[in-house]
Amino acid sequence: MESHIRLFRKFILIGIFLLSQFVALAQQVSVQGVVTDAKTGAVLAGVNVAVSGTTLGTITDGSGTYSLTVPNEKSVLQFSFIGYQPQSVTIGSQKVINIALAEELAVLDEIVVIGYSSRRQSELSSSVAVVSAAKLQTAPVSTSLSVMLQGRVPGLIISNTNGMPGSGATMTIRGAGSIGASTSPLVVVDGIIGGDYNPQDVETVTVLKDAAATGIYGSRAANGVLVITTKQGRAGDFRVSVTSTTGPTFNWDNRIELNDSHSLYDQQVKGLRNLFDLRVAEGHPDFVGKSFEEYRDKTVPPNVVNTNTNWYDLLNGPGFINQTQLAMSGGNERTTFYVSANLNYEKGTILDRSHTQATLRSNISHKIFENLKFTLRLTGDYETDPNSWFGSGRARWESFSAVPYDNPYYDGPGSINGHLTPVMNTNIVPLWYHYTRQNYILERETSESLSKEYDGTGTGELDWRITDWLRVNTNTRVSFGFGDESYMFTKDNLEGKTYGGYVEWDYDYSTGIITSNTAHISRKFGNHTFYGILGQEYSYGNSRYVDARAIGVVAGMTALSSAGTPNLTRGTLSETGFKSYFGQLDYNYRNKYFLVGSLRRDASSRFGPDYKWATFYSIGANWHINRENFLADVDWINTLKLRASYGKTGNANISNYLHMGTYQFSDRTAYDGVAGAVPSRLPNPALTWESAHTLNIGTELRIYNRLTIELDLYNTKNTDLLQSVPLSAASGFASQQRNIGSVLNRGIDLNITTTNLDGLLKWQTNLNLNVNRNEVLELSNHADIISDNYIIREGLTLKYFYMREWKGVDPATGKPLWTRWEDENGGLLHGSSKKEPTNITTTSVFSDASLIPIETVYPDFTGGFSNDLMFKNFSLTILTNFAVGHKVYTEANWTVHDLGSNRFKITKWQGWTTWEKPGDIADLPQLLFSDPYNTRMASSLYLHDASYLKIQSVRLGYTFPKTIVGLKNLSLAVASENLAILTKFPFGDSDTDFTGSSAGSASLDRYRPTRKVLFSIRFDL
Amino acid sequence: MTDTGQPGKFYLASGLIFNNKIKYNIMKTNKGICLIFFMLLLWSGCTDELEYLPIDQLTTNQIINDPELLKTATVGNYSYMRRNRTGDDAQNIRHRVIEYQSDDLIMMRWSSNHLTYILTYLMVVNNNLARSFWNIAYYAIFAVNTVIEAIPDDASAEMLNLKGENLWMRAHWMFDLVRVFARPYSHDSPETNLGVMIRDNTDVFALPPRSTVKECYEFIEKDLLKAAELMTISKSNKYASKEVAWATLARLYLYMEKNDEAIEYANKVISSNRYQLIPADKVPWNRLTCEQNSETIFAVKILPAENMGRTSIGSMFHNDVGWGEIMVSSSLMDLLWKCPNDNRKKFIDPHYKLDANGQKIPDPNEKYYGYAMNDRMGVTSYYSIKFTYENGVAMLHSPVYFRLAEMYLILAEAYAKTGQNQLALDNVNIIRQRAGLTGDELFRLDNMRGYSSVLDIVLDEKRLEFWLEGHRAQDVFRNKRTMDRTYSSWQGWSGPRYIPYWSNRIINFIHEDEMARNPNLVQNPPLEDLSELPQ
């Protein structure tokens, strides 16, 4: 605290010092005027009016007027306003100067916030993409920015895989550099790494893609950087804005056909009949001489069809979404503020799941002195999820795997008020067909769970413009997060029965601090301009949790204290820290040739003492060809730029402490009530940063003020890839975190924006495209890394399917066929042996088939295509996105191997055929109960082409031209999201994760993004 | 702000902006000097070395250099038998891989769980149960080796006892491993048949090949002899002791057909007088905790709070909380019903059909109980309570690995194999008497009750006493007999009905993942077609 008092005193002193300078200025010319929009004539409030060469200035008030006292008649007034071209006027003898500002052609030379600093777009040597708040307004409705950005930014690959209320999408910039460490980009909010934000408060998003842009973030920027700027009030422009979006949401599973009782029974009987006939033909004594009917009726009695529960309808239904924001902003020349409150509620399309989120933001800026600005940003976030124990997928999963023969209420079908069926008690219910032997309806009614989350951040920024060429900035954020989850299971609940019911409370809290301190130099010597940044950064975070459980619940009481016996207590603490020093120097000559270089040195607590520190760097150049004399007369070229950059950035997105070899304590390692410890990790003291070495060459061309083409070619080599490597059990450990080798991503980002019509009807089109090629260059000892259904091997992509190769159905027998590789002695060869097979044949015995590398997980190209149309006050936005050429592993339980989980009709949408008789050319083997030939085991049969083109959003808006009943800028819109998808993928929406860590697989019952029909209203008061 | 005990971490936050070392009048002087000071402060304020240590973990060095922590590590080593680190239920997996090949059980239907492949002798190279068991065993062996290496042979008696406990654990895991992945010792020829990897050190980069069956058994024997020698301190039946090592040796020698040694070590256990057979009136003993059970030589203690409910061993065998999908086989029922007074029938929990008044319905065709029974998919609901209701709690059970009755039956088998038939029957009768059998229900050389061989009597008695406890499949195969599954139900039962001892199907494949990670391993031979056999 003492240091804070000292700090305050210091401000006062600096203040007095600075004030003494102002007093020295003695002066006496008054000038005033009104600032208007050159096009519409509307008055402009909040326009910055500055006296050139001095620190004097003011802003226009609500009626657009200003008045100012200036040193003398030679003074030059500079008028500037965001979105307008600046103007300068020499006062002379004028006492009244009225100015009409012309709108700036925004796309031409926006100010781009690139993290520690901002630049005009024309000055950038780097590959960045900017998404403005205006664009975000027409984006899909979500509490997640990633969902809103899908298809908007070239090279920013977003897969929207989850329809769970409150969930987001996965983001990858330019291909997967790693699958062992996170591929998510670094997020920077208001100039400082990390932080909370509500997408509704976002002013701009800048995506930094190449090393010239990300280099200054060094250690943490290997996956690219997302720079987010939140809204700020404008002086003299007091406004209250209300935005509300609301509407129903729906599942769209119409591509998946489920059996009802009758069709399921028919399918199962078919499988039983086939098996029976097969066994009789083999002469199996269990079957010979017995009647098929007896066999069938013992297994699935015919009366099962008397119950026909539609679990899908029971567990799914329309949802509802409402997002409302109230924001207030304004200020005067010294103080500006932006305050907002958001309330988001989404009722899921699965039973009982919903998400409520309330956020608050307050951004307040105050100029303590003309050149010393203090900004305070506060955020608060509260989120709650009832029934959290059931997770995002449980009801979805039950929708597809629960069996129509089972009735959740045992008083009979349709008896919703009847008793719940306690399925484990076979004395009441002789048969329950769902193989998990769980009744979801019973489970939910005999349990309670609630998850709550509270987060807050406070950021203080002090920006001191010491001279016109020197500025220092210090920016510090403290944050906390608090999670509170509680569960109660009664003794009638399967989960609780073992313990006579139990109550569990989990608390976790985390705190963090990050401080970023920079000095900025900006100097001009003739035609030479320099910008420099020197900085230091430090961050520390910890998280701690406590989890307690007590057993023996009385009468559904939910307090931890109301349960009888303590059962489980656990908790631990985890810490992480980073420390960095960095610098950057920008140089340009005549605004034609630009050079940028940066250097950053980082340390992370996640690595051992000798491997903590690493150095990262970048260098970039930019040539504005259209500013050369030889193009001076070519007026149809508006912009022509060529830029190149190279740099090294890092990735440390792994868990804490992985370099240490440790013994760990947990509730699992105790024995007989005594605490015990077991080896939990193999040490790897040499574990170090993963690095990305990126070369980027790009060009930007704008012609006729209508067509803009941005093209970037990049080549990124990720070295020292962080990966958890599975080990032989002989080592004593399942896996070890290692730096395994290097991978190359090379590709093209293309962004084309055209103004097709620019009259009464305006039509703008944007196409963005990313083509990426991924290849593993080198692995330590050249050794493959094989786990589950994937292989990492030199020469293949980082994620590559490795499984048995499906070779169809044997037309003679109806058995499955897989590829078998044999060596010269006829012995079985797997792909892991790296030997060329002498003989390639097929087999119907699963264990005799070869595991071979099949194909890559990654798409050939991805992108987005959007159209914006405007007619008078109407606007129409159509967003589509696509990904082409990737495969997804999705296992469906085709065969009747298990009477509980074969709910899918296999021939409806997919058109697949099953083998019936010799000679049949079929997609699937003969239906055989118990799957004796192991068709269901992993093979390329379950790889499906997941290419898609999705109409992600269609939005029609109308903005009222004038104030309606006191509402300014009133606009209305109707939008539909996830309208349609074009794909060959057999199980609905194929918008799955295709570059992140879970790329390549999608479960059939996943909670897909929902279809939404939304109405929104927006106005200012 | 939280005090993290690491000074300097937050010093930065407050100290970096200004520090009282700056005199106020600096503001009046050159701004450049001021800036330099400012920057220097930023840089020097950061004293955090970023060396954080986890608070729930210890380093291996800490463990191996501290006798107290070696005890803690040993407790952790016992926990592997209870549960492995990923949350799989180690004891349940162990039970599935060693018991499900027996003829004492019948599953009501095909299950997509990989246990089905073991149960039906349709072994596959990607059986995840076999993989889990292999992994748990080797993780445990690594952990055990760490403690063994850390205790020198001249340590205190207490530490040597600890070393002995760990040696026993290593032997126990190895014994289970060779059983699941390698042919029995009694089969031709243990000198060349492949066993499992021997791990006797903590070299994490070693990729050992499979040793022979003989080498594995000798390794286990050596560990057990040393363990018995080192364990001088008396410990409860939840922990290893010299009696536990002797009991293991008795079983090991029996499997190796070293009958004299088997007799010697079984007698050592019996004559230690530490254990008494449970009195007949206390059968079924599943309600007793291991502390209350005088017969238990070694059990893995499960506390009520650790009750694994639907992932416990008993879950498959009883439907109260459990899945209740595996019932007792008719061939075992027939054996149990040979003597109406056999109190081991009390481990069966028959589920009767009830009429509208809640009364049992007489059914003369029901040959065991005489009442109509419930069934599940045609399999009569003869559930077993052997693995549930410890202290009356559903699914609570502390698995018993060794109990005194086995020692008597080891004696019986070894005597039978060495032609000492009277002694063999005497030991069988000890067990039968405890089962409540008397008079002509006991065996005499002149009253073999229809058996023609004493060894057959011993093996059937062992089945009666130990059904579902993990002995049966090994007893059948190591004695070169054929597993008879002709009782099997037809619900998805696609496996062979007779499994001869020489079949490749009696052991598991090593999982293909492990084969890929250790190129020095050789896979077990492929399954042969048994359809030529009389089915």
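Residues numbered from 1 in each chain as written. Chains lettered and ligands numbered in written order. Predicted model: local features only at pLDDT ≥ 70, side-chain atom pairs only at ≥ 80, totals over all residues. Heavy atoms only, no water.

A.B. asks: What's the story with the overall build of chain A in this structure? I'm lost.
C.D. replies: In terms of regular secondary structure, chain A is built from 10 helices and 52 strands. For chain A, whose C-alpha radius of gyration is 32 Å, the value lies close to the compact-globule estimate of 31 Å for 1021 residues. C-alpha extents for chain A along the principal axes are approximately 120 × 70 × 70 Å. Every one of the 1021 residues in chain A was classed for burial, and the buried ones make up 58%. Counting contacts in chain A only where the partners sit at least 6 residues apart, residues at least 24 apart contribute 69% of the total. In chain A, the 90 positive side-chain charges and the 97 negative ones have mean positions that sit 6 Å from each other. (Helix = DSSP H or I, 4+ residues; strand = E, 2+ residues; numbered from the N terminus. Rg over C-alpha atoms; globule rule 2.2 N^0.38 Å. Buried < 20%, exposed > 50% of the residue type's maximum accessible area, 1.4 Å probe, protein only. Contact = heavy atoms within 4.5 Å. Lys, Arg positive; Asp, Glu negative; His and termini not counted. Charge placed at Lys NZ, Arg CZ, Asp CG, Glu CD.)

A.B. asks: Sorry, what's going on with the overall build of chain B here?
C.D. replies: Secondary structure summary: chain B contains 17 helices and 13 strands in total. Across the 535 residues that make up chain B, the buried fraction comes to 65%. In chain B, of all internal contacts separated by at least 6 residues, the share reaching a separation of at least 24 is 68%. As presented, chain B carries roughly 18,700 Å² of accessible surface, and 52% of it is formed by carbon and sulfur atoms. (Areas by Shrake-Rupley, 256 points an atom, 1.4 Å probe, with all protein chains shown as cover.)

A.B. asks: Before we go on, may I ask you to explain the sheet that holds strand 1 (residues 29-37) of chain A in this structure?
C.D. replies: All names here are of chain A. The 3 strands lie next to each other as 4-1-7, forming an open sheet whose pairing is mixed. The open sheet has two edge strands with one neighbour each: strand 4 (65-70) and strand 7 (99-101). The mean inter-strand angle of the sheet, taken between neighbouring strand axes irrespective of direction, is 35 degrees. Alignment of strand 1 against strand 4, held across 6 bridges, turns out to be antiparallel. Looking at the pairing, valine 34 lines up with threonine 65 of strand 4. (Pairing = 2+ DSSP bridges. Axes fitted to C-alpha atoms, helices over the stretch in contact; angles between N-to-C directions.)

A.B. asks: Even after reading the chapter, I still don't get the packing of aromatic side chains, so can you show me in this structure?
C.D. replies: The geometry of an aromatic ring pair comes down to the distance between the two centres and the angle between the two planes. Counted under the stated rule, the structure contains 63 aromatic pairs over all chains. Ring-pair connections join several aromatic residues into one group, and the members of that group are Trp389(A), Phe390(A), Tyr440(A), Tyr487(A), Phe489(A), Tyr499(A) and Tyr502(A). Sitting over the face of the ring of Phe846(A), Arg804(A) holds its NZ or CZ atom 4.1 Å from the ring centroid. In this arrangement the basic side chain of Arg94(B) is found over the ring face of Tyr401(B), its NZ or CZ atom lying 3.9 Å from the centre. (Phe/Tyr/Trp six-rings, centres within 6.5 Å; stacked < 30°, edge-to-face > 60°. Lys NZ or Arg CZ within 6 Å of the ring centre and 35° of its normal.)

A.B. asks: Mind showing me how you'd approach the side chain of Thr336(A) here?
C.D. replies: One can find Thr336(A) in strand 19 (residues 335-347). Excluding anything up to four places from it in sequence, Thr336(A) contacts Gln232(A), Gly233(A), Arg234(A), Ala235(A), Gly330(A), Gly331(A), Asn363(A), Ile364(A) and Ser365(A).

A.B. asks: Would you mind going over empty space enclosed by the protein with me for this structure?
C.D. replies: All names here are of chain A. Size it by volume and the largest cavity reaches roughly 260 Å³. Those elements that provide at least two residues to the lining of the largest cavity are strand 18 (319-331), strand 19 and strand 51 (968-983). Of the residues forming the lining of the largest cavity, the biggest block, 3 residues, is contributed by strand 19. When the residues that make up the lining of the largest cavity are grouped by side-chain class, the tally is 8 nonpolar, 13 polar and 3 charged. (1 Å grid on protein atoms, 1.4 Å probe; cavity = no way out; pocket = protein on both sides within 12 Å on 5 of 7 lines; lining within 4 Å. Points joined across faces, edges and corners; volume = space filled by probe spheres on them. Nonpolar A, V, L, I, M, F, W, Y, C, P; charged D, E, K, R; others polar.)

A.B. asks: How should helix 6 (residues 292-299) of chain A be read in this particular structure?
C.D. replies: Because an α-helix completes one turn every 3.6 residues, residues spaced three or four positions apart along the sequence face the same direction. Residue and element names in this part refer to chain A. Burial in helix 6 covers these residues: Phe292, Tyr295, Arg296 and Thr299. An end-on view of helix 6 places all buried positions within 95 degrees of arc, on one side of the element. Looking at the buried positions of helix 6, the neighbouring elements they touch are helix 5 (261-282). (Arc of directions from axis to C-beta.)

A.B. asks: In this structure, what is going on with the nonpolar core? I would like to understand it.
C.D. replies: Generally speaking, nonpolar side chains in soluble globular proteins are found buried as a group. Ranked by size, the top nonpolar core spans 151 residues in total, and within it Trp134(B), Trp168(B), Leu177(B) and Met407(B) carry the most contacts. Apart from the residues within four sequence positions on either side, Met407(B) is in contact with Ala247(B), Ala250(B), Ala266(B), Val269(B), Ile270(B), Ile297(B) and Phe402(B). Counting residues in each nonpolar core, the second largest holds 61 residues, with Tyr790(A), Met803(A), Trp915(A) and Tyr117(B) among its members. (Core = buried A, V, L, I, M, F, W, Y, C linked by side-chain atoms within 4.5 Å.)

A.B. asks: Is there a simple way to explain the pattern of salt bridges in this structure?
C.D. replies: Pairs can form between side chains of opposite charge whenever their charged atoms are close. Inspection of the entire model under this criterion finds 79 salt bridges over all chains. Among the ionic pairs, Arg570(A) bridges to Asp547(A), the shortest N-O distance being 2.8 Å. Here the residue Arg570(A) occupies a position in strand 26 (residues 565-589), and Asp547(A) occupies one in strand 25 (residues 528-551), the gap between them amounting to 23 residues. Given a relative accessible area of 3%, Asp547(A) falls into the buried group. Between Asp153(B) and Lys226(B) there is a salt bridge, and its shortest N-O distance comes to 3.5 Å. In this pair, Asp153(B) sits in the loop between helix 7 (128-150) and helix 8 (157-181) while Lys226(B) sits in helix 9 (residues 213-230), placing the two residues 73 residues apart along the sequence. (Salt bridge = Lys/Arg side-chain N within 4 Å of Asp/Glu carboxyl O.)

A.B. asks: Which parts of the structure should I look at to understand unusual backbone geometry?
C.D. replies: Excluding glycine, most residues fall at negative phi; most peptide bonds, likewise, are trans. Residues and elements named next belong to chain B. A cis amide bond links aspartate 188 to the next residue, serine 189, at an omega of -15 degrees. Cis geometry marks the peptide bond from valine 283 to proline 284, where omega comes out at 0 degrees. The phi torsion at arginine 449 lies on the positive side, around 50 degrees, for a residue other than glycine. Within the secondary structure, arginine 449 is located in the loop between helix 14 (421-434) and helix 15 (454-466).

A.B. asks: Could you clarify how one ought to interpret the packing of helix 13 (residues 404-417) of chain B against helix 14 of chain B in this entry?
C.D. replies: When two helices pack together, their arrangement is captured by the angle between the axes and the distance separating the axes. Residue and element names in this part refer to chain B. The geometry of helix 13 relative to helix 14 is characterised by a closest axis approach of 7 Å and an angle of 155 degrees between their N-to-C directions. In terms of axis orientation, helix 13 runs roughly antiparallel to helix 14. Read as a crossing pair, helix 13 and helix 14 show a hand that is left-handed. Judged by residue contacts, Ala405, Tyr408, Leu409, Leu411, Ala412, Tyr415 and Ala416 of helix 13 engage Asn421, Leu423, Ala424, Asn427, Val428, Ile430, Ile431 and Arg434 from helix 14. In the contact of helix 13 with helix 14, the residues fall into 12 nonpolar, 2 polar and 1 charged. (Parallel < 35°, antiparallel > 145°, perpendicular 65-115°, else oblique. Left-handed = near helix turned anticlockwise from the far one by under 90°.)

A.B. asks: Quick question: what am I supposed to make of helix 11 (residues 259-271) of chain B here?
C.D. replies: Residue and element names in this part refer to chain B. With 13 residues, helix 11 extends 18 Å from end C-alpha to end C-alpha; this agrees with the ideal 18 Å at 1.5 Å per step. Among the residues of helix 11, Asn259, Ala262, Ile263, Tyr265, Ala266, Val269 and Ile270 are the ones counted as buried. Of the surrounding elements, those touching the buried residues of helix 11 are helix 9, helix 10 (242-255), strand 5 (296-299) and helix 13. Just downstream of helix 11, asparagine 273 is the residue with a positive phi angle, here 60 degrees. (Expected span 1.5 Å × (residues − 1).)

A.B. asks: What is the right way to read the confidence of the model for chain B from this model?
C.D. replies: Close inspection of predicted coordinates is inappropriate for parts of the model with low pLDDT. Residues and elements named next belong to chain B. Confidence in the prediction for chain B averages 88 pLDDT; 89% of positions are at 70 or higher. Contacts for the low-pLDDT stretch residues 1-29, under 50 throughout, to residues beyond four places or in other chains number 62 contacts. For this predicted complex, the interface score ipTM comes out at 0.88, alongside a pTM of 0.86. (pLDDT = per-residue confidence, 0-100.)

A.B. asks: Would you mind showing me how to read the pairing of strand 31 (residues 677-681) of chain A here?
C.D. replies: A regular strand places its side chains on the two faces of the sheet in alternate fashion. All names here are of chain A. For strand 31, the buried fraction is high: 4 of the 5 residues fall into the buried class. Bridge analysis of strand 30 (residues 662-665) against strand 31 gives 4 bridges, and the strand direction is antiparallel. In the sheet register, threonine 662 faces strand 31, and the bridge partner there is arginine 681.

A.B. asks: Even after reading the chapter, I still don't get the sheet that holds strand 31 of chain A, so can you show me in this structure?
C.D. replies: Strands belonging to one sheet form pairs held by backbone hydrogen bonds; the direction of such a pair is parallel or antiparallel. On the basis of which strands lie adjacent, the open sheet formed by 3 strands has the order 31(A)-30(A)-1(B) and antiparallel pairing. Only two strands of the sheet have a single neighbouring strand rather than two, namely strand 31 of chain A together with strand 1 (57-59) of chain B. For this sheet, the mean angle separating the axes of adjacent strands, direction not counted, is 40 degrees.

A.B. asks: Quick question: what am I supposed to make of the side chain of Lys1012(A) here?
C.D. replies: Residues and elements named next belong to chain A. With respect to the element layout, lysine 1012 can be found in strand 52 (residues 1011-1020). The buried charged residue lysine 1012 lacks any salt bridge partner; its closest oppositely charged side chain belongs to glutamate 977, at an N-O distance of 4.0 Å. Beyond its immediate chain neighbours, meaning those up to four positions away, lysine 1012 contacts Val141, Pro248, Thr249, Ile321, Glu346, Ala975, Ser976 and Glu977.

A.B. asks: Just checking my understanding: could you explain the packing of helix 10 of chain B against helix 13 of chain B for this structure?
C.D. replies: Residues and elements named next belong to chain B. Packing of helix 10 against helix 13 leaves a shortest axis separation of 10 Å and a crossing angle of 30 degrees. As summarised for this structure, helix 10 and helix 13 are arranged roughly parallel, according to the angle between their axes. Here the hand of the crossing between helix 10 and helix 13 comes out left-handed. For the pair formed by helix 10 and helix 13, the contact residues are Ala247, Ala250, Arg251 and Leu254 on the first element and Glu406, Met407, Ile410, Glu413 and Ala414 on the second. Classifying every residue of the contact of helix 10 with helix 13 gives 6 nonpolar, no polar and 3 charged.

A.B. asks: Help me understand the pairing of strand 52 of chain A, please; the structure alone is not making it clear to me.
C.D. replies: Residue and element names in this part refer to chain A. Where strand 17 (residues 239-250) lies against strand 52, 8 bridges are found, and the strand directions are antiparallel. Looking at strand 52, one finds that phenylalanine 250 is bridged to arginine 1011. Relative to strand 52, strand 51 runs antiparallel, the two sharing 8 bridges. Among the inter-strand pairings, glutamate 977 is bridged to a residue of strand 52, identified as lysine 1012.

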